[in-house]
Every structure is written in C-alpha cells, then in structure tokens.
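So you can see what is in the structure, the chains are spelled out below.
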Amino acid sequence: MDKGAMLDRLGLTGEDRLTLAKVLDRAEQASGRNIPAATDFLSPQQRAQALDLLRLAGISETAYVCQGGYEGAERQIFQFLPDWLEPENAESPIRCLRAAYREEDKLTHRDLLGSLMGMGIVREKVGDLLVGPGSADLLVLEGVGDYLLQNWSSAGRAKLHVSAIQPENLHIPAVRRKEVRDTVSSLRLDTVAASGFRMARGKAAGLIESGRVQLNWRECVKPDKLLSPGDVVSARGFGKFQLSEVGGLTRKGRVSIVLQVYV
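Residues numbered from 1 in each chain as written. Predicted model: local features only at pLDDT ≥ 70, side-chain atom pairs only at ≥ 80, totals over all residues. Heavy atoms only, no water.

Visitor: I would appreciate a short explanation of helix 4 (residues 109–118) in the present structure.
Guide: Residues separated by three or four positions in an α-helix point in the same direction, a consequence of the helix having 3.6 residues per turn. Within the sequence span of helix 4, burial applies to Leu112, Leu113, Ser115 and Leu116. Angularly, the buried residues of helix 4 cover 155° about the axis, an arc narrow enough to put them on a single face. The exposed residues of helix 4 that point more than 90 degrees off its buried face are Arg110 and Gly118. At the C-terminal side of helix 4, glycine 120 shows a positive phi close to 90°. (Buried < 20%, exposed > 50% of the residue type's maximum accessible area, 1.4 Å probe, protein only. Helix = DSSP H or I, 4+ residues; strand = E, 2+ residues; numbered from the N terminus. Arc of directions from axis to C-beta.)

The structure is reproduced here in structure tokens:
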C-alpha cells in the first residue's frame, strides 16, 4: 500500500495529512539512508494517528522511540533509528531551555508562546512549555534552541534571561487532577462522559456524534463505545478525564467508577 492510500485509509486530511506524511518520510529516511531521523513535536492526537499509520505501514515498534524531553511529556517527537543504533545510544535532538524573568511579571503560557510565534518559531518546533513563578522551562528542537539562546530576550514588556539546562533540572509542575467517584448505568462512552463532564447524557451523546470527543486521543463518534480502566476521554471546550477504576455493582445495579478529572 502506498503512502497516499495509507493516509486515505486513516481518513487523514488537511494539516494532519501533511504532518503524518512527514512522519513516514522520516521513517523512510532512517531506513534508506541508515541515519537517525526525527519528526517535529506532535500533539497527543497526532501521536496516536502516527502510531496507527506506522502499524499500517508495517514499521516495527523497535524502529523508533517517542520522547518529549521528560517522562510524561504531552508533546513528543518520533526518532527513527537505523539498525546499527540502539535507543540508549541515540543522541536526542531535544534541547532544554529555561527562560527566567521577574516573578512579578507573572508571565503565562500564552504570553510566552505568543512571544515565540512572534519570532517566527512554528509550534511544531516547540514541545511542552512548563511555566512557573519567575521562570519557564521549554523543550525545543536543537536548531531552534541555538537561535533562542542568542535572540529571545523578551516576552511582551518582560525581560528574559534564557539559558540551556540539563533534562534532570527541569521544573516539572505537578499534574492537577481531581478524583470523582460516581455510579453509572453502564460503561458506555456517553454515560461515563456525562459523569466526567457533568452534563446530561443526551448532551454528551450529541458531543460524541458531532466528532468533538476523543477516546485515547482518537476521535470516537460512537456513544455506545464501552470504556475500560485507563481510558482517557477529552472533549474540546470541556476538558479531559481518565477512567481510573471500575468497581462492582451497587444494590441498584449501577456500576461504581472512579474518574481522575484534569483541572
């Protein structure tokens, strides 16, 4: 099956199609030229699509590694490796930077990302942006890192001091989640989504059928899809939660569940 046919089979269009075509290009570069080749940073949804595409193309999971600069990174790259290179010996193309500023400037994720975009840095070259009081750590591809070290000096009116840091020195904010315990009539996607997003089941079903809900970062338009522990559900404009536990039946025949709702 050729590249176009594989992209068609996965229903990829527009920007996603271009992004995923580049993933296959990098895989072919690593195998054809026998050198490491890395993609740009991918969102969780794009990464899920890429995994589907690579499986369809028959590319083994041993041919690449996914990395985002630290464990649990949301935005990650695929680094494809030639046969002679083991993953532990491959040099990562990701660089870690710290942009320090006065704590009273209270810069936000939007402020910093807007400053980067204003410099002509495209989003795909930047991974996670970890904002804290007085500094922000960011993961970028190596060429972008050199440019930012020399040229990124401000975000709005705030002055920045940018330096390179080691991955082990990243300031990684704690993930904020709220545990929600509930009972549901079944483990259908619309039923559990109604609990996680605090809405009526009918509204949840409408969101799902309209294509606004993702199950494990893949669009799911089937309200009756059954969930399992560990599944992650997200909806544009409504947030994200994970079904962390499924318990037994209550006296009324309902299913006990525990959700981790991201806040």
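Once the structure has been displayed, the description carries forward.
Visitor: How should the nonpolar core be read in this particular structure?
Guide: The tendency in soluble globular proteins is for nonpolar side chains to be buried side by side. Counting 24 residues, the largest nonpolar core has Val233, Ile257 and Leu259 as the members making the most contacts within it. For this core, the elements supplying multiple residues, two or more each, are strand 10 (177–184), helix 6 (189–196), helix 7 (201–209), strand 11 (213–215), strand 13 (232–235), strand 14 (239–249) and strand 15 (255–262). Once residues lying within four places of it in the same chain are set aside, the contact partners of isoleucine 257 are Val180, Arg181, Asp182, Val184, Leu187, Val192, Ser195, Leu243 and Glu245. If you look at the next biggest cluster of nonpolar residues, it comprises 20 residues, including Ala99, Leu107, Leu116 and Trp152. (Core = buried A, V, L, I, M, F, W, Y, C linked by side-chain atoms within 4.5 Å. Contact = heavy atoms within 4.5 Å.)

Visitor: How should I be thinking about the pairing of strand 13 in this particular structure?
Guide: Burial along strand 13 is two-sided: Val232 and Ser234 and Val233 and Ala235, pointing in opposite directions, are all buried. Pairing of strand 11 with strand 13, which is carried by 3 bridges, proceeds in the antiparallel orientation. In the strand pairing of strand 13, leucine 215 is matched with valine 233. In this structure, strand 13 lies alongside strand 14, joined through 4 bridges in antiparallel fashion. Within strand 14, the residue paired with serine 234 across the bridge is lysine 240. Joining the antiparallel neighbours strand 13 and strand 14 is a turn of 3 residues, in which glycine 237 adopts a positive phi near 90°. (Pairing = 2+ DSSP bridges.)

Visitor: Any chance you could explain the sheet that holds strand 13 here in plain terms?
Guide: In sheet architecture, strand pairing relies on hydrogen bonds along the backbone and comes in two forms, parallel and antiparallel. Strand order in the open sheet formed by 6 strands is 10-15-14-13-11-12, with antiparallel pairing between adjacent strands. Looking at the sheet topology across the chains shown, the edges are occupied by strand 10 and strand 12 (218–219). The strands touched by helix 6 are strand 10, strand 11, strand 13, strand 14 and strand 15; relative to strand 15, the strand with the most contacts, the crossing angle is about 55°. (Axes fitted to C-alpha atoms, helices over the stretch in contact; angles between N-to-C directions.)

Visitor: Could you clarify how one ought to interpret the pattern of salt bridges in this entry?
Guide: Side-chain pairs of opposite charge can arise where the charged atoms are in close proximity. Taken as a whole and assessed by the stated rule, the structure comprises 13 salt bridges. Here aspartate 40 makes a salt bridge to lysine 125, at a shortest N to O gap of 2.8 Å. Of the two residues, aspartate 40 is situated in the loop between strand 1 (37–38) and helix 3 (44–56) and lysine 125 in the loop between helix 4 and strand 5 (126–132); the sequence distance between them amounts to 85 residues. We note a salt bridge from aspartate 137 to arginine 98, for which the minimum N-O separation is 2.7 Å. Here aspartate 137 is found in strand 6 (residues 135–141), whereas its partner arginine 98 is found in strand 4 (residues 94–100), with 39 residues between them in sequence. (Salt bridge = Lys/Arg side-chain N within 4 Å of Asp/Glu carboxyl O.)

Visitor: For this particular structure, what's the right way to read unusual backbone geometry?
Guide: Negative phi is the rule for most residues except glycine; trans is the rule for most peptide bonds. We note that asparagine 216 has phi near 55°; this positive angle belongs to a residue other than glycine. In this structure, asparagine 216 sits in the loop between strand 11 and strand 12. Given a relative accessible area of 26%, asparagine 216 falls into the partly exposed group.

Remember that the coordinates give geometry; whether it matters functionally is a separate question.
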